[in-house]
Amino acid sequence: MLYPAPPTIEERSGSEFIPAHPMPLRRDPNLLQIVIGARRSLIEGWTESYYRSGIDSFRILRRQIVFVNSPELIRYVVVTRHGNFERKSPQMRRALEALLGDGLFISDGETWKRRRPLVADIVHKRRLPEFGQTMEDAALAVAEEWGALPARSEVELTEEMGRLTATIISRAVFGKNIPRDAAQRVIDGFSAYQRQTDAFNLGYFLGADDGWPAFGGKRRRRAMAMVHDVIESVVNAHLAGEGDAGSMVDLLIRRNQKSGGEPLDLAALRNEAATIFMAGHETTATTLAWAWYLLANAPWVARHVHEEIETACGTRAPTLADLPRLRWCRAVIQETLRLYPPVPLLPRQALEADRIGPVDVEKSALVMIAPWLLHRSVDLWEKPNHFLPERFLSGTRIDPFAYIPFAVGPRICPGMNFGLDEATLCLAILAQRFEVRPREGYKVEPVCRLTLRPKGGLPARIVARSSRPPL
Ligand code: HEM
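Residues numbered from 1 in each chain as written. Predicted model: local features only at pLDDT ≥ 70, side-chain atom pairs only at ≥ 80, totals over all residues.

1. Thoughts on the overall build of the protein chain
Phase 1 of the analysis: When its secondary structure is counted, the protein chain shows 16 helices and 13 strands.
Phase 2 of the analysis: Over its C-alpha atoms the protein chain spans a radius of gyration of 22 Å, differing by no more than 12% from the 23 Å that the globule rule assigns to 471 residues.
Phase 3 of the analysis: Per-residue burial for the protein chain yields a buried fraction of 45% across its 471 residues.
Phase 4 of the analysis: Taking the intrachain contacts of the protein chain between residues at least 6 apart in sequence as the baseline, contacts between residues at least 24 apart amount to 74%. (Helix = DSSP H or I, 4+ residues; strand = E, 2+ residues; numbered from the N terminus. Rg over C-alpha atoms; globule rule 2.2 N^0.38 Å. Buried ≥ 20, exposed ≤ 12 C-beta atoms within 10 Å, placed from the backbone. Contact = placed C-beta atoms within 7 Å.)

This is how it looks when you write it as structure tokens:
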């Protein structure tokens, strides 16, 4: 092979588990190696020196790349100089613009400022009780399916968790009455779009400040049309008063009518609904899949989780109201997000020249914050590569600029509480009844293209716990 991927490290001993991660490179890769490596996985090309806090600047072709990897400098970028660094990189904007248009995730400037309060309000934590039942129903439906599986059959966990979180987010966004096949078309459309999208924009590195438009071809256009058609018909039904009152689309329309300013048109409503669906689906699904992998390899942690669920809920299924007492379950999710942040890189484009710490930043430079590197920095975390959910229970204060799975600053994920509660609740409902046993001898390898996923998925057997309560 022209440039092989670095080996994956995974270690177990006694009650310690170091989960799978790529071995840091011994020396800096050359340009060709950077390009080959980045297309394979965005988390594999780092030498040891990147796994400590600091800042680094280098060039790829004609573009300056600045890696910001310390809590103080991250604060400078995302808070102090938010206005200069709020813009997403051209790669990300170009890759997603056909699907999301001016949706919040890739917008900036006035559009972002106007839309952010609207979207943040409808996914806000005080609304969570409205969506709790949807989360519980969907997780219990998976429990029922798992309970009916023939003995020793295997499932693929990223797919299982993807179906679960897609059900939850599509009912929350589009309403409980969305027909199954319509929700499925949105899910299939999003996956097909991602497969047809190349996140590497050569034009940007060759000097085009806005990158080159991503030419998608027929398949990508078809995928996009499939998503847009379904969402527009849901929005139209809501506009005609036939939608599900209480869905996020319903809230978007009502808040928008009340806001007094220029009302959003059909395309803008569609873009925001598509954005919430995209942002809230795969992120939570991969978090859950990684959490199962970690729990399966740390039975001493699984014991705490099971005991805690039994104490809090006895034989009834956990609900949203139980979450304050499910502290181990939450800590497992928080530690999963530290080790495997679903969005491991946060790329920004400098609007104007600036200076970050000791580094002069050029106009239009790519400024990269990498939760993947920050969360594994040896000078910020004790045993950074170990799975230790206790670190979130011990009462030690975690620096909000050192732990950023949901980003930080004004662009922090507005669905943070939704995602955290959803993942914790789904884990608790399923862990009460089942254990997950990864396929023996299967090599887990984290890779990142858009989100951080286990390469080839996580095949596993679902085993009913002997003390499980009846459904
Ligand atoms: C574990 C689950 C989740 C994780 C790890 C996550 C992570 C993130 C991150 C890192 C960003 C910022 C990206 C950047 O700045 O480049 C983001 C933005 C966003 N997320 Fe989440 N997210 C999760 C769940 C959700 C959910 C459930 C929703 C909605 C219900 C949601 C809605 C959004 C939206 C709308 C944005 C764009 C915000 C803006 O640009 O102002 N996310 N998310």
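2. Notes on the packing of helix α13 (residues 299-313) against helix α14 (residues 327-339)
Phase 1 of the analysis: Interhelical geometry of α13 versus α14 gives an angle of 140° and a closest axis separation of 8 Å. Compared by their axis directions, α13 and α14 come out oblique. Between α13, through V301, H304, V305 and E308, and α14, the contact on the second element is made entirely by R327, W328, C329 and V332.
Phase 2 of the analysis: Residues belonging to the contact of α13 with α14 are distributed by class as follows: five nonpolar, one polar and two charged. (Axes fitted to C-alpha atoms, helices over the stretch in contact; angles between N-to-C directions. Parallel < 35°, antiparallel > 145°, perpendicular 65-115°, else oblique. Nonpolar A, V, L, I, M, F, W, Y, C, P; charged D, E, K, R; others polar.)

3. Structural notes on the sheet that holds strand β5 (residues 154-156)
Phase 1 of the analysis: Read across the sheet, three strands follow the order β5-β13-β10 without closing on themselves; strand pairing throughout is antiparallel. What marks the edges here is a single partner per strand, and that holds for β5 and β10 (434-438). Going across the sheet, the axis of each strand differs from the next one's by a mean of 45°, ignoring polarity.
Phase 2 of the analysis: Where helix α7 (residues 157-174) meets the sheet, its contacts fall on β5, β10 and β13 (459-464), and the angle it forms with β5 comes to roughly 65°. (Pairing = 2+ DSSP bridges.)

4. Here's the deal with the environment of S364
Phase 1 of the analysis: Summarising the element assignment, S364 is placed in the loop between β8 (359-361) and β9 (366-369).
Phase 2 of the analysis: Taking C-alpha positions, S364 is 45 Å from G241, a pair spaced 123 residues apart along the chain.
Phase 3 of the analysis: Those residues within four positions of S364 in sequence are excluded, and the remaining contacts are D209, Q349 and A350.

5. Here we look at the nonpolar core
Phase 1 of the analysis: Residues A139, V227, A273, V332, C426 and L427 are the most contacted members of the largest nonpolar core, which totals 130 residues.
Phase 2 of the analysis: Counting residues per element, this core draws most heavily on helix α12 (residues 266-296), at 17 residues.
Phase 3 of the analysis: When sequence neighbours within four positions are dropped, the list of residues in contact with V227 reads L99, V186, G189, F190, Y193 and A274. (Core = buried A, V, L, I, M, F, W, Y, C linked by C-beta atoms within 7 Å.)

6. Looking at the packing of helix α8 (residues 180-195) against helix α10 (residues 217-239)
Phase 1 of the analysis: With their axes 8 Å apart at the nearest point, α8 and α10 run at an angle of 150° to one another. Taken together, the axis directions place α8 and α10 in an arrangement best described as roughly antiparallel. Every pair of crossing elements has a handedness; the one defined by α8 and α10 is left-handed. Residues A182, R185, V186, G189, F190, A192 and Y193 of α8 pack against R219, R220, A223, M224, M226, V227, V230 and I231 of α10. (Left-handed = near helix turned anticlockwise from the far one by under 90°.)

7. With respect to the site of the ligand
Phase 1 of the analysis: Taken together, 26 residues are adjacent to the ligand, and A279, G280, C413, G415 and G419 come closest.
Phase 2 of the analysis: Going through the elements one at a time, α5 (109-122), α12 and α16 (416-433) are the ones with two or more residues in the shell around the ligand.
Phase 3 of the analysis: If one sorts the elements of the shell around the ligand by residue count, α12 sits on top with seven residues. (Near = placed C-beta within 6 Å.)

8. Remarks on the pairing of strand β2 (residues 16-22)
Consecutive side chains of a regular strand alternate in pointing toward one face of the sheet and then the other.
Phase 1 of the analysis: Two elements, strand β1 (residues 8-13) and β2, share five bridges in a ladder whose sense is antiparallel. For R12, the partnering residue across the bridge sits in β2 and is F17.
Phase 2 of the analysis: Counting the residues in the hairpin turn of β1 and β2 gives two residues, including G14, whose phi is positive at 50°.

9. Quick notes on the pairing of β13
Phase 1 of the analysis: As defined by bridge partners, β5 adjoins β13 across three bridges and the pair is classed as antiparallel. Bridged to E156 within β13 is P459.
Phase 2 of the analysis: Pairing geometry for β10 and β13, over five bridges, is antiparallel. Residue pairing for β13: R437 is matched across the bridge by R461.

10. Section: the sheet that holds strand β6 (residues 346-349)
Phase 1 of the analysis: Taken in spatial order, the four strands line up as β3-β4-β9-β6 in an open sheet, and their pairing is mixed. Unpaired on one side and paired on the other, β3 (54-60) and β6 mark the two borders of the sheet. The sheet shows a mean angle of 20° between the axes of neighbouring strands, direction not considered.
Phase 2 of the analysis: In the sheet, β3 pairs with strand β4 (residues 63-69) via seven bridges, with the strands oriented antiparallel. When the bridges of β4 are listed, I55 appears paired with V68.

11. Looking at the environment of L295
Phase 1 of the analysis: Note that L295 resides in helix α12.
Phase 2 of the analysis: Separated by 142 residues in sequence, L295 and R437 have C-alpha atoms that sit 9.6 Å apart.
Phase 3 of the analysis: Non-local contacts of L295, meaning those with residues more than four positions away in its chain, are made with V301, A302, V305 and V332.

12. Some details on unusual backbone geometry
Phase 1 of the analysis: For L61, which is not a glycine, the phi torsion comes out positive at approximately 50°.
Phase 2 of the analysis: For L61, the position within the fold is in the loop between β3 and β4.
Phase 3 of the analysis: Non-glycine residue K383 carries a positive phi angle of around 40°.

13. Some points on helix α2 (residues 71-80)
What sets the pattern is the α-helix's 3.6 residues per turn: residues three or four places apart point alike.
Phase 1 of the analysis: Of all the positions in α2, only L73, I74, V77 and V78 are classed as buried. The arc enclosing the buried residues of α2, seen along the axis, measures out at 115°, which places them on a common side.
Phase 2 of the analysis: Where α2 is buried, its residues meet β3, β4, α3 (82-85), β7 (354-356) and β9. (Arc of directions from axis to C-beta.)

14. Some thoughts on the environment of L140
Phase 1 of the analysis: Inspection of the secondary structure assignment puts L140 in helix α6 (residues 128-147).
Phase 2 of the analysis: Linking L140 and I309, residues 169 residues apart in sequence, is a C-alpha distance of 15 Å.

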